[in-house]
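What follows is the residue order along each chain.
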Amino acid sequence: MARILIIEDDAAFAQMLQKFLIRNNFEVLVSHTGADAENKIKEGNLQLVITDLRLPNYDGLDLVSALQGKIPIIVMTGYAEVASAVKAMKMGAYDYISKPFTPDQMLAVIDGALHAKPLEPKVKSTDKNQEKELQVQRAQQGVSSDKTTGLLLVSDATQKLEEYISLVAPTDMSVLIIGESGTGKEVTAKAIHEKSLRKEQPFVALDCGAIPKELASSEFFGHLKGSFTGAIADKIGSFEAANGGTLFLDEVGNLSYENQMQLLRALQERKIKRIGSNKEINVDVRILSATNEDLKAAVEKGTFREDLYHRLNEFSLQIPALKDRHGDLKAFATYFLEKFNGKLGKQVADFSPEVWNVFNTYTWPGNIRELQNVIQRAVLLSTENTIEIHTLPAELLEKKDVPKDFGALSKADFEKEQIINALKKTNYNKSKAAKLLQVTRKTLYNRINYYDLDVL
Ligand SMILES: Nc1ncnc2c1ncn2[C@@H]1O[C@H](COP(=O)(O)OP(=O)(O)OP(=O)(O)O)[C@@H](O)[C@H]1O
């Protein structure tokens, strides 16, 4: 059994890679720092080192140089580090692998490294270099869109997210996707499915926030005609519909306690019964779920079952709010500009500096969905070559009355105040208020319930 050392400062990523390699019959050690790595290397008996090129106080190239010819090394690089990767190989690294990579790619590179005869410094074939150069060019342009998943992959801020998606996708782990409304939780779930071994099987999305609790079990498990009032025909539930594939439970935090129990039982037993039927049906589904609330807090409050939380959260992905994705805004805006130019038959080339100014200072409460809507509208209204400020909706141009002691106000207080203001402005019309807040009606209802606001 080959013994491999992974050198990576991102503990979660390292752990996931470690688990994956252990499952593939390797013995795996992990170091999060250069100093620890040096000790482990000194202890000896390693057949391979897989190292990140950049750790705090540690330069992977130094390690490559020190180990030249002794142990094969694979370096893991980001998009923009191809030059360093090539340098590492000239110095004696066996190969490099660009993040994000799939587990299969990693296994192939490891296999190559472990079976390579001479440990000579070498530079990879031109083809591979050309491929890397292309990756660099794409990364430098800041945008690339994954054709199979429709997920926009932007450099920097979301790079870790991409890596995690690629690593977790081919496993059967359940993934809890956490993020504000409109950040892209559902597209992320679809991307995981598309990159998984279940991709030829169904992807079924169930919006737990929108189903009344009396109907949830029928939505999950289906029913037989006549099993309750309103059951006018046999119905297949989401578990059966997703059998063999992936079931995406959106807004999972909204399930009632009783529905949580039913869900947990189905996940544990991997069997369901349609309501009104005694026949057990075996189900094999991978569960992805999403929440825009703090489920851990709900567990502490006792409103969400802890056992179910752990079942759903074998791995979690946090999708940052758009305002925190520094540097991504431009890439997303450019991507949507191109998309809507194509859809609407327009040729708008750019955004005016004033528009960028607004984009950069606005807080984007509706996140990527809101940005997408704003750009679609602006492209439609534009008669010139450039998107100008008059094509933006009024709320982006309003000066926000930020309370003086805003720092003392919690995000929850601020959100509550925004909801109440929007409802007042629209005479308590939920659809109009949701539009004003740039969220879906469903999200608005959820937030009203969550904060227990007396406005329904
Ligand atoms: N990374 C991305 N690349 C391309 N489009 C994206 C991305 N993230 C979000 N979008 C777009 O933004 C919109 C909202 O995404 P999505 O429905 O996945 O968000 P969500 O977090 O699930 O929202 P909600 O919590 O309100 O259900 C969609 O139209 C989606 O196509």
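Computed from a predicted model, the values in this text were never measured in an experiment.

### Looking at helix α14 (residues 328-344)
Okay, step 1: The terminal C-alpha atoms of α14, which comprises 17 residues, lie 24 Å apart, in line with the 24 Å expected from a rise of 1.5 Å per residue.
Okay, step 2: For α14, every residue scored as buried is listed here: Asp328, Leu329, Ala331, Phe332, Ala333, Tyr335, Phe336, Leu337 and Phe340.
Okay, step 3: Gly345 sits one or two positions beyond α14 and adopts a positive phi of about 65 degrees.

### Brief notes about the pairing of strand β3 (residues 48-52)
Okay, step 1: β3 sits mainly inside the fold: five of its five residues count as buried.
Okay, step 2: Neither face of β3 is exposed, since Leu48, Ile50 and Asp52 on one face and Val49 and Thr51 on the opposite face are all buried.
Okay, step 3: Alignment of strand β1 (residues 3-7) against β3, held across four bridges, turns out to be parallel. Directly across from Ile4, in β3, lies its bridge partner Leu48.
Okay, step 4: Here four bridges tie β3 to strand β6 (residues 73-77), and the two strands are oriented parallel to one another. Looking at the pairing, Val49 lines up with Ile73 of β6.

### Details of the sheet that holds strand β18 (residues 315-318)
Okay, step 1: Judged by pairing direction, the sheet is parallel, and its five strands sit side by side in the order β11-β14-β17-β10-β18 without closing on themselves. Each having just a single partner strand, β11 (203-207) and β18 make up the two edges of the open sheet. Sheet twist, expressed as the average angle between the axes of neighbouring strands with direction ignored, equals 20 degrees.
Okay, step 2: With five bridges joining them, β11 and strand β14 (residues 246-250) adopt parallel strand pairing. Following the sheet pairing, Leu206 is matched in β14 by Leu249.
Okay, step 3: Where helix α8 (residues 185-194) meets the sheet, it contacts β10 (175-178), β11, β14, β17 (286-291) and β18, and its direction lies at approximately 165 degrees from that of β17.

### With respect to the confidence of the model for the protein chain
Okay, step 1: Model confidence for the protein chain is summarised by a mean pLDDT of 82, while 86% of its residues fall at 70 or above.
Okay, step 2: Taken element by element, the predicted model of the protein chain shows its lowest mean pLDDT in helix α6 (residues 126-141) (40) and its highest in β17 (97).
Okay, step 3: Throughout residues 401-410 the model reports pLDDT below 50, and contacts reaching past four residues in sequence, or to other chains, amount to two contacts.
Okay, step 4: Scored by ipTM, the complex comes to 0.97, with pTM at 0.61.

### Some words on the environment of Gly302
Okay, step 1: Positionally, Gly302 belongs in the loop between α12 (295-301) and α13 (306-312).
Okay, step 2: By C-beta crowding, Gly302 is classed as exposed, having 9 other C-beta atoms within 10 Å.
Okay, step 3: As a C-alpha pair, Gly302 and Tyr257 span 45 residues in sequence and 9.4 Å in three-dimensional space.

### Some points on the sheet that holds β3
Okay, step 1: Across the sheet, which stays open at both edges, the five strands sit in the order β2-β1-β3-β6-β7 with parallel pairing between neighbours. Strands with a single pairing partner mark the edges of an open sheet, and in this sheet they are β2 (27-31) and β7 (95-98). Going from strand to strand, the sheet's axes swing by 20 degrees on average, the running direction of each strand aside.
Okay, step 2: Of the strands in this sheet, β3, β6 and β7 touch helix α5 (residues 103-115), which is tilted by about 175 degrees from β7.

Rules used throughout
Residue numbers here run from 1 along each chain, matching the order of that chain's written sequence. Given that the model is predicted, a residue must reach a pLDDT of at least 70 before its local features are reported, and side-chain atom pairs must reach 80 or more before they are shown or counted; all residues, however, enter totals for whole chains, interfaces and linings. Strands are runs of DSSP state E lasting at least 2 residues, helices are runs of H or I lasting at least 4, and numbering of each runs from the N terminus. A helix's residues, less one, multiplied by 1.5 Å, set its expected span. Three exposure classes are used, based on other C-beta atoms lying within 10 Å of a residue's own C-beta, which is placed from the backbone: buried for 20 or more, exposed for 12 or fewer, and partly exposed in between. Any two strands between which DSSP finds at least two bridges are classified as paired. Think of each axis as a best-fit line through the C-alpha atoms, taken over the contacting stretch in the case of a helix, with angles from 0 to 180 degrees between the N-to-C directions. Two residues qualify as a contact pair if the distance between their C-beta atoms, derived from the backbone, is within 7 Å. A score from 0 to 100, pLDDT tells how confident the predictor is in each residue.

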